[in-house]
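Descriptive analysis of the structure
These are the residues of each chain, in order.
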Amino acid sequence: MADYQLAHPLYLDVQMMVSFLAYLEGGVHISSEETLQKEKIRNGQVGGDERVSLPSLGALLGLEASINAERGRHVAESAETRVARHHTAASLFNGLYGFLHGDGAISSLENHEQLTNVEPGAFVKLSGRYMGNPLEEMLAMFGQMMAYMEEMAQGAEESRSQRSAGRRSGNPQARESASHQEDNSYAETVRQFRQFDQSVEMRILRKMKEELDSCPIHDVVLETSSGVKAVLTVASEYYDEAVAEKLSSGDFIVLGKVTRVLREGESINLSRRTVVGKMGDQQDSLVDAMANLPGFSLQSSDPVVRFPAVQILPMAIFV
């Protein structure tokens, strides 16, 4: 069985990783080049000069070689190859992770009893289910629903306009048809949507989403099988929609530095990076407004993470 493990990082803080590598190795080499030379002797053969070339694969790998032959005597053949190797961010992470793991520099968190011995600054690893950020997910879902509502509103207004034009038509059949058409069943929903779209709450929700989208840090949650939650403060530079989609509803491993350990009675509000997170009890009315949009039922989640929990500045989220 292989004595190594290959990790595939979906989120990787390259700056943190390179700084650790540079300290441990006295610098970081992301590429290397080596020269290999081989020589052998064989009997000469009658005939003209001879040239032998490497297969086309050698050219693809950046290899160069020269082979010469002379007629009528023992001939020395030499081949020289130059090989360039380049590291990727993932390969550098695998090297660092393997070294730290083998050196016993990483502590594993598996249950809340271990939290009593963890201090900020500790290098930890824990496995669990990626939960994301319920507030960000609710706002994203809300934005999609609002787009659908806008289409419904436009459809209802067009239908109403057509009925009104039919009633004013000089064609008796058109007037008769328009008079028998029923009002759109979504008329009341559309009216309430228009009213909400112009409300103060709606402006605050739009502003809140803008704040979350532009924030350099995102709070996402990973929960272990024993119920310990880890709030991961990921950098937007390395965390985007594609990364979030890959992490969605999967089980992953986190490697990073502890920045806070929650004690009993303490909590972290995942809306803390927005103005809503600073509004206290008033944020409940905004969540209720989102959850009770006419015509829809939006399942909301509690944006507060409570004990037992830990906050981590992650270097990598990988599988």
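Below or above, wherever it landed, is the structure these notes cover. (Residues numbered from 1 in each chain as written. Predicted model: local features only at pLDDT ≥ 70, side-chain atom pairs only at ≥ 80, totals over all residues. Heavy atoms only, no water.)

Attention now moves to the overall build of the chain. Helix and strand counts for the chain come out as 9 helices and 13 strands. Within the chain, the fraction of its 319 residues that count as buried is 34%. Residue pairs in contact within the chain that sit at least 24 positions apart in sequence constitute 76% of those at least 6 positions apart. Of the roughly 19,700 Å² of accessible surface on the chain, a fraction of 49% belongs to carbon and sulfur atoms. (Helix = DSSP H or I, 4+ residues; strand = E, 2+ residues; numbered from the N terminus. Buried < 20%, exposed > 50% of the residue type's maximum accessible area, 1.4 Å probe, protein only. Contact = heavy atoms within 4.5 Å. Areas by Shrake-Rupley, 256 points an atom, 1.4 Å probe, with all protein chains shown as cover.)

Turning our attention to helix α7 (residues 200–214). Here α7 is 15 residues long and its end C-alpha atoms lie 21 Å apart, about the 21 Å a rise of 1.5 Å per residue gives. Turning to α7, its buried residues are Met202, Leu205, Met208 and Leu212. The buried residues of α7 all sit within an arc of 120° when viewed along its axis, so they share a single face. (Expected span 1.5 Å × (residues − 1). Arc of directions from axis to C-beta.)

Take the environment of Asn117 next. Relative to the helices and strands, Asn117 resides in the loop between β6 (107–108) and β7 (123–132). Looking at Asn117, the relative accessible area reads 68%, which means it is exposed.

With respect to the secondary-structure elements, Asn94 resides in helix α3 (residues 89–102). Given the relative accessible area of 17%, Asn94 is considered buried. Setting aside chain neighbours within four positions, we find Asn94 in contact with Gln5, Leu6 and Ala7. Within polar-contact distance, the side chain of Asn94 engages the backbone nitrogen of Ala7 at 2.8 Å. (Polar contact = N/O pair within 3.5 Å; in protein donor to acceptor, adjacent residues only side chain to side chain.)

The next subject is the nonpolar core. As a rule of thumb, soluble globular proteins bury nonpolar side chains together. Of all hydrophobic cores here, the largest spans 26 residues; its most connected members are Tyr11, Leu232, Tyr239, Leu247, Val310, Ile312 and Ile317. Listed by contribution, the elements that provide at least two residues to this core are β1 (9–12), β7, β8 (217–223), β9 (229–235), α8 (241–247), β10 (251–261) and β13 (309–318). Sequence-distant contacts of Leu232, that is, excluding residues within four places in its chain, are made with His218, Asp219, Val220, Leu222, Val254, Ile312, Pro314 and Ile317. (Core = buried A, V, L, I, M, F, W, Y, C linked by side-chain atoms within 4.5 Å.)

Cis rather than trans, the peptide bond between Phe307 and Pro308 has omega equal to 5°. Along the chain, Pro308 turns up in the loop between β12 (304–306) and β13.

This part is about the packing of aromatic side chains. The full count for this structure, using the stated rule, is 5 aromatic pairs. Arranged with centres 5.8 Å apart and planes meeting at 65°, the rings of Phe20 and Phe123 form a pair that is edge-to-face. Here Phe123 lies in strand β7 and Phe20 lies in helix α1 (residues 14–25), a separation of 103 residues in the sequence. A relative accessible area of 25% means that Phe20 is categorised as partly exposed. Taking the relative accessible area as the measure of exposure, Phe123 reaches 12% and is therefore buried. Aromatic side chains Phe93 and Tyr97 sit 5.8 Å apart centroid to centroid with 10° between the ring planes, which places their arrangement in the stacked category. Here Phe93 and its partner Tyr97 are both found in helix α3, 4 residues apart, which amounts to about one turn of the helix. A residue is classified by how much of its surface remains accessible, and Tyr97, at 7% relative accessible area, is buried. (Phe/Tyr/Trp six-rings, centres within 6.5 Å; stacked < 30°, edge-to-face > 60°.)

Taken by themselves, the reported measurements are silent on function.
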